[in-house]
Amino acid sequence: MRVISGSAKGRRLKSLPGSSTRPITDRVKGALFDILGSSIVGARVLDLFAGTGSVGIEALSRGAAEAVFVEKDPRVIRVLRENLQQTGLADRARVVRADVFAFLRSNLVESFDFIYIAPPQYRGWWRRTLELLDARPEWLAAAGTVVVQIHPREFEEIPLRSLELADRRDYGSTHLLFYRHLGLDPQGFGK
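Calculation rules
Residues numbered from 1 in each chain as written. Predicted model: local features only at pLDDT ≥ 70, side-chain atom pairs only at ≥ 80, totals over all residues. Heavy atoms only, no water. Helix = DSSP H or I, 4+ residues; strand = E, 2+ residues; numbered from the N terminus. Rg over C-alpha atoms; globule rule 2.2 N^0.38 Å. Contact = heavy atoms within 4.5 Å. Areas by Shrake-Rupley, 256 points an atom, 1.4 Å probe, with all protein chains shown as cover. Lys, Arg positive; Asp, Glu negative; His and termini not counted. Charge placed at Lys NZ, Arg CZ, Asp CG, Glu CD. 1 Å grid on protein atoms, 1.4 Å probe; cavity = no way out; pocket = protein on both sides within 12 Å on 5 of 7 lines; lining within 4 Å. Points joined across faces, edges and corners; volume = space filled by probe spheres on them. Nonpolar A, V, L, I, M, F, W, Y, C, P; charged D, E, K, R; others polar. Phe/Tyr/Trp six-rings, centres within 6.5 Å; stacked < 30°, edge-to-face > 60°. Buried < 20%, exposed > 50% of the residue type's maximum accessible area, 1.4 Å probe, protein only. Lys NZ or Arg CZ within 6 Å of the ring centre and 35° of its normal.

Enquirer: How would you explain the overall build of the chain if you had to name every residue and give the values?
Expert: Looking only at helices and strands, the chain has five helices and seven strands in total. Ordered by position in the sequence, the α and β elements of the chain form the string α-β-α-β-α-β-α-β-α-β-β-β. In terms of overall dimensions, the chain is globule-like: its C-alpha atoms have a radius of gyration of 15 Å, near the 16 Å expected for 191 residues. Along the three orthogonal principal directions, the C-alpha set of the chain runs to about 40 × 35 × 30 Å. Across the chain, contacts joining residues at least 24 apart in sequence account for 67% of those joining residues at least 6 apart. When the accessible surface of the chain is summed, it comes to about 8700 Å², and 49% of that surface belongs to carbon and sulfur atoms. Distance from the positive charge centre (28 side chains) to the negative charge centre (22 side chains) of the chain: 6 Å.

Structure (structure tokens):
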């Protein structure tokens, strides 16, 4: 795992052995940020189930103003903090040790331009997280995007009131789903 573009380009990121985290491949991460384009510059990013921070760190490296990483495993958080230090991006990052579901139900709602969801596979947590965001749409900025990373077999249509599926992309065993506020003009997606 490495940072593929921006101020920290080429820096290697530490990971944890085992299957407790689901890192995104460089190929998929590159495709994701090609889709998001220059809209990441100056953005506020929320990285849920952050793991070792690959996506949020990539966003910071490419010019995001701030990234908030939510992760509950203290061993993983230790590696995440090390990755932020070694990339020189810790000053624009905030690491929150919390359960994602409790965090999203809290009264401390903030607005983010991009929300990234990559939970452990096959537990239905992506759906539960998306439903919490749908119930509290103020977490997502007006023209914001929620990106969900799952295995294609996990996908199912979800009835939502505030968000809608704007795009979906397949990269082998990785499925990226892009949700936006209901009724938002999809013409500007990924610009």
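Enquirer: Lay out empty space enclosed by the protein in plain terms, naming residues and giving numbers.
Expert: Going through the model one piece at a time under the given rule, you end up with one cavity of 30 Å³ or more. Taken as a whole, the largest cavity holds about 60 Å³ of empty space. Counted by class, the lining of the largest cavity contains 11 nonpolar, no polar and no charged residues.

Enquirer: Could you give an account of the packing of aromatic side chains, with specific residues and numbers?
Expert: Summed over the entire model, instances satisfying the criterion amount to six aromatic pairs. Ring plane angle 70 degrees and centroid distance 5.9 Å describe the contact between Phe 49 and Phe 101, whose orientation is recorded as edge-to-face. One end of the pair, Phe 49, is in the loop between strand S1 (44-48) and helix H2 (54-61); the other, Phe 101, is in helix H4 (residues 100-105), and 52 residues separate them in sequence. In this structure, Phe 49 and Phe 101 share a single accessibility class: buried. Consider the rings of Phe 101 and Trp 125, whose centres lie 5.9 Å apart with planes at 85 degrees: the pair is edge-to-face. In this pair, Phe 101 is assigned in helix H4 and Trp 125 in helix H5 (residues 125-135), connecting sequence segments 24 residues apart. Classification of Phe 101 by relative accessible area gives buried; the value is 3%. Here the aromatic residues Phe 49, Phe 101 and Trp 125 are joined through ring pairs into a cluster of three or more. One cation-aromatic arrangement involves Arg 123 over Trp 125; the distance from NZ or CZ to the ring centre is 4.9 Å. Over the ring of Phe 155 we find Arg 168; its NZ or CZ atom is 4.2 Å from the centre of that ring.

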